Amino acid sequence: MHWDMGQPAIEAEALVKDYGTVRAVDGLSFALQPGSTTALLGGNGAGKTTTIAMIMGLTLPTSGEVRVLGTDMARRRHDVLHRMNFESPYVDMPHRLTVRQNLTVFGKLYGVKALKERIAALAADLDLGDFLDRATGKLSAGQKTRVALAKALINDPEVMLLDEPTASLDPDTADWIRSHLEQYRLRRGATILLASHNMGEVERLCDRVIMLKKGRIEDDGSPAELIARYGRSNLEEVFLDVARGRKEAAE
Ligand SMILES: Nc1ncnc2c1ncn2[C@@H]1O[C@H](COP(=O)(O)OP(=O)(O)OP(=O)(O)O)[C@@H](O)[C@H]1O
């Protein structure tokens, strides 16, 4: 199917995922515009990771549909996977391979042309030079996160899905990663969907926030809209209101 700029970059339609008797995602529908950054917010177990996995085509929905760049992920994901990428602290790279070897493997998987030059450019950009030829398993958490970001950017993706991109990073490194993501999005016109527990990060990076609770959309809007709607001074307070079911009290 042909995709044009007028279409949403990511669309979820009545998405449901059951794990046995647990309904992890319960009828989600949303459409994300190209070039936007959206956060999925919600407490532990709200369904964020499951939603991202379904958008990537890693987990099949029980029912409903996901389209990325106009492509149905259940049937034709191979048409579009090379235009997307994913970062998660929960997905580890082979430990004994060096950073360069890992990036080479992923670059080949994505069919990246001029791969050596691409890795050199990412290493310069993300400051990986000092440990490019060290075993990936021996890096610190912050270094691993930078490598994970390099992996996520290896194919210059139009759509990026990030599961807690700055989890376990010191504030300085986390801030540096955020700036990088922001610059990448602006330069590439990329669409970003991220799950995060860091409200400051979401306020800074995202133009839209989808708040999930028990696999359903509880609220949806820009950070400023949500803060105003709940009569709060920041997103952390809104998050607590939503988690504790205090919307009515705020009205
Ligand atoms: N592979 C699985 N098998 C069975 N149940 C699962 C599986 N993955 C997730 N679940 C369940 O689905 C629900 C949603 O989990 P999910 O990981 O999507 O939530 P989350 O919002 O990402 O949470 P967190 O903030 O803790 O990462 C939870 O009740 C979880 O226990």
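Named according to an unreviewed UniProt entry, the protein chain is ABC transporter ATP-binding protein originating from Phreatobacter stygius. The record in UniProt for the protein chain states the following under Sequence similarities (unreviewed entry): "Belongs to the ABC transporter superfamily."

When you go through the protein chain residue by residue, the secondary structure sums to 10 helices and 10 strands. Taken over the C-alpha trace, the protein chain has a radius of gyration of 18 Å; the compact-globule value for 251 residues is 18 Å, and the two agree within 12%. Taken along the three principal axes of its C-alpha coordinates, the protein chain extends 55 × 40 × 40 Å. In the protein chain, buried positions account for 40% of the 251 residues. Considering only contacts within the protein chain whose residues lie at least 6 apart along the sequence, 65% involve residues at least 24 apart.

What follows is about the packing of helix H3 (residues 99-109) against helix H4 (residues 115-125). Packing of H3 against H4 brings their axes to within 10 Å, and their N-to-C directions diverge by 125°. Relative to H4, the element H3 is oriented oblique. For H3 against H4, the interelement crossing comes out right-handed. The segment H3 lies against H4, with Arg-100, Leu-103, Thr-104, Gly-107 and Lys-108 engaging Leu-115, Arg-118 and Ile-119. Its residues placed into classes, the contact of H3 with H4 shows 3 nonpolar, 2 polar and 3 charged.

Turning to the environment of Arg-100, a few remarks are in order. Tracing the sequence through the fold places Arg-100 in helix H3. For Arg-100, a count of 18 C-beta atoms within 10 Å gives the class partly exposed. Through-space distance from the C-alpha of Arg-100 to that of Ala-123 is 9.1 Å; in sequence the pair is 23 residues apart. If we skip the residues at most four places from it in the chain, Arg-100 touches Ile-119, Leu-132 and Asp-133.

In space, the 6 strands of this open sheet follow the order E6-E7-E8-E3-E9-E10, with mixed pairing throughout. Single-partner strands in this sheet number two, and they are strand E6 (84-87) and strand E10 (216-221). Pairs of neighbouring strands in the sheet enclose a mean axial angle of 15°, with direction left out of account. Two elements, strand E3 (residues 37-41) and strand E9 (residues 208-213), share 4 bridges in a ladder whose sense is parallel. Looking at E9, one finds that Ala-39 is bridged to Val-209.

The next subject is the site of the ligand. Taken together, Tyr-19, Val-22, Ala-24, Gly-42, Asn-44, Gly-45, Ala-46, Gly-47, Lys-48, Thr-49 and Thr-50 are the residues near the ligand. Mapped by element, the contributors of at least two residues to the shell around the ligand are strand E2 (22-32) and helix H1 (48-56). Here the shell around the ligand gets 3 residues from one element, more than from any other, and that element is H1.

Criteria and cut-off values
Sequence positions are assigned chain by chain, starting from 1 and proceeding in written order. Since the coordinates come from a predicted model, pLDDT governs what is reported: local features require at least 70, and pairs of side-chain atoms require 80 or more to be given and counted, while whole-chain, interface and lining totals use all residues. UniProt positions are given in the numbering used here, feature names are shortened, and annotations may be inferred rather than shown by experiment. Think of it this way: any DSSP run of H or I at least four residues long counts as a helix, any run of E at least two long counts as a strand, and we number them from the N terminus. Here the radius of gyration uses the C-alpha set of atoms, whereas the globule reference equals 2.2 Å times the residue count to the power 0.38. Counts of 20 or more other C-beta atoms within 10 Å of a residue's own C-beta define buried residues, counts of 12 or fewer define exposed ones, and intermediate counts define partly exposed ones; C-beta atoms are placed from the backbone. Any pair of residues counts as being in contact when their C-beta atoms, constructed from backbone geometry, are within 7 Å of one another. Every axis in this analysis is a line fitted to C-alpha atoms, fitted for helices over the stretch in contact. Angles between the N-to-C directions lie between 0 and 180 degrees. Angles below 35 degrees are treated as roughly parallel, those above 145 as roughly antiparallel, those between 65 and 115 as roughly perpendicular, and all remaining angles as oblique. In this scheme the handedness of a crossing depends on how the near helix is turned from the far one: anticlockwise by less than a right angle means left-handed, clockwise means right-handed. Three classes are used: nonpolar for Ala, Val, Leu, Ile, Met, Phe, Trp, Tyr, Cys and Pro, charged for Asp, Glu, Lys and Arg, and polar for all others, with Gly counted as polar. Only when DSSP finds a minimum of two bridges between them are two strands counted as paired. We count a residue as near a molecule or strand when its backbone-placed C-beta atom lies within 6 Å of that partner.

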